[in-house]
There are 2 protein chains.
Amino acid sequence: MAGRRDDQKGAGGGRCNCTALRKATRRISQLYDTALASSGLKSTQRAILAQISRSEPTTVGGLAQALVMDSGALAHTLKPLERDGLITVEVDPDDRRSRLIRLTADGRAKLAATDESWAHAQSSFEAAFGQVESDLLRQALQVLISDDFVSAFEKNLLANRQEPNDHDRSPQ
Amino acid sequence: MAGRRDDQKGAGGGRCNCTALRKATRRISQLYDTALASSGLKSTQRAILAQISRSEPTTVGGLAQALVMDSGALAHTLKPLERDGLITVEVDPDDRRSRLIRLTADGRAKLAATDESWAHAQSSFEAAFGQVESDLLRQALQVLISDDFVSAFEKNLLANRQEPNDHDRSPQ
DNA sequence: ATCAAATACATGCATATGCTTGCATCTTCG
DNA sequence: CGAAGATGCAAGCATATGCATGTATTTGAT
């Protein structure tokens, strides 16, 4: 028990679920990114291209919802992909407010080119973490992004806001 | 097997562990940020202040390791906090390469002020996701950021890189 | 004491994200 | 048809992050 300033490393340093998620995401993203490095795509970009390929053509809003991100943020993120000719963004003739997003031939090729690297990262993850554990983790994460979870969270948050204590809400 | 294009939404849209983590992190960060909004701190900033308070004084490198982030990135992220007078960053007299990071009185007060909001978010999360499930999730995420996991992942990645197939590595 | 190697950061560059605001485009209702 | 309200984005602003490179220091070996 000598020199101990960094002991919280063992203690996990706090038990905030949000922080725990962010830490894990940083680490895993880095691992996947390293695996994808040679392909020239980041894990985030691959995720976007993959999502587009699964629901092509799609819109900014639809994509944002599928990826659980802000549409404004997504609009920014799409720029590099469009600039690099991996996707096309055009006004939807049926609703000129919307944009139709599609993969270009290059985009499709790029995505295909990353398949193998991605599969390696994914299988490495599952070999290290366990197949069953990986499935359970994804299921848990899936719950977190479900509408039900969000509703329940917000409901609890509101309830708590009223009475920090615990002795029921005054009927008043 | 009717209407098929957007079904992946129900299917989770791909099974990339990295993407699943990112999605969940975005959502949960948003929920925690909303809960912390009134305090003026983002969940990321609170996480940093909290970590500093747990190992004060600390260094850029130590903090980066504890938060599982790049020290360069952390240096950037500390700027706003320093600018707002929540932390101080000074050269370590014992090793002038290092910086000693500390909370200011304001920083400590700000952190304390967010305690209640954070607790509400945290308890709302656990009420919605389940106490046991929450603990298990944090444990799982804890494993993902462990050195053992990273080592195992990289070992598998390297092995895979050699032979995409599965028929063992030649004893050479 | 010196110089090469290792450290600990700081910076610049690029992407990632969220929020707010403003614009263009539907929709709806009278 | 015309105006109010709802939608779908784009752009600006600010923080979050990672990586590569440059700089200041400390260490280690000679």
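Everything that follows concerns the structure shown earlier in this document.
Computed from a prediction, not measured in an experiment: that's the story for all the values here.

Moving on, we get to the protein's contact with DNA strand D. Contacts to DNA strand D come from 26 residues, most closely from Arg22, Gly61 and His76 of chain A together with Thr44 and Arg83 of chain B. Among atoms of DNA strand D positioned within 4 Å of the protein, sugar and phosphate together represent 75%. Here a phosphate oxygen of DNA strand D sits 3.0 Å away from a polar atom, N or O, in the side chain of Arg26 of chain A. Within the side chain of Ser98 of chain A, a nitrogen or oxygen atom sits 3.5 Å from a sugar or linking oxygen of DNA strand D. The element that contributes the greatest number of residues to the surface near DNA strand D is helix H5 (residues 71-83) of chain B, accounting for 6 residues. Its residues assigned to classes, the surface near DNA strand D comprises 5 nonpolar, 10 polar and 11 charged.

Turning next to the pattern of salt bridges. According to the stated counting rule, one finds 14 salt bridges over all chains in the structure shown. Note that Glu90 of chain A and Arg102 of chain A form a salt bridge whose closest N and O atoms lie 3.0 Å from each other. Of this pair, Glu90 of chain A sits in strand E1 (residues 87-92) while Arg102 of chain A sits in strand E2 (residues 95-103), placing them 12 residues apart in sequence. Residue Asp115 of chain B is joined to Arg46 of chain B by a salt bridge in which the shortest nitrogen-to-oxygen separation is 3.0 Å. Of this pair, Asp115 of chain B sits in helix H6 (residues 105-129) while Arg46 of chain B sits in helix H3 (residues 43-54), and the two are 69 residues apart along the sequence. One connected set of salt bridges, linked through shared partners, spans Glu126, Asp135 and Arg138 of chain A.

Least-squares fitting of chain A to chain B yields an RMSD of 0.0 Å, with the superposition described by an axial translation of 0.0 Å and a rotation of 180 degrees. Expressed as an axis order, the relation between the two copies is that of a two-fold axis. When the interface residues of chain A are mapped onto chain B, 100% of them are again interface residues, pointing to one common binding face.

It is worth spelling out helix H7 (residues 131-144) of chain B at this point. Residues and elements named next belong to chain B. Counted at 1.5 Å a residue, the expected span for H7 with its 14 residues is 20 Å, and the 20 Å between its end C-alpha atoms agrees. Restricting attention to buried positions, one finds in H7 the residues Ser134, Leu137, Arg138, Ala140, Leu141 and Leu144. Viewed end-on, H7 has its buried residues packed into an arc of 160 degrees, placing them on one side of the element. Set apart from the buried face of H7 by more than 90 degrees, the exposed residues are Val132 and Gln139.

So, about the side chain of Ser39 of chain B. Residues and elements named next belong to chain B. Within the element layout of this structure, Ser39 appears in the loop between helix H2 (17-36) and H3. One polar contact links the side chain of Ser39 to the main-chain carbonyl oxygen of Leu36, over a distance of 2.6 Å. Among all residues touching Ser39, those that are not within four sequence positions of it are Lys110 and Thr114.

Cut-offs applied
- Residues numbered from 1 in each chain as written.
- Chains lettered and ligands numbered in written order.
- Predicted model: local features only at pLDDT ≥ 70, side-chain atom pairs only at ≥ 80, totals over all residues.
- Heavy atoms only, no water.
- Near = heavy atom within 4 Å.
- Polar contact = N/O pair within 3.5 Å; in protein donor to acceptor, adjacent residues only side chain to side chain.
- Helix = DSSP H or I, 4+ residues; strand = E, 2+ residues; numbered from the N terminus.
- Nonpolar A, V, L, I, M, F, W, Y, C, P; charged D, E, K, R; others polar.
- Salt bridge = Lys/Arg side-chain N within 4 Å of Asp/Glu carboxyl O.
- Least-squares fit on C-alpha atoms with pLDDT ≥ 70 in both.
- Contact = heavy atoms within 4.5 Å.
- Expected span 1.5 Å × (residues − 1).
- Buried < 20%, exposed > 50% of the residue type's maximum accessible area, 1.4 Å probe, protein only.
- Arc of directions from axis to C-beta.

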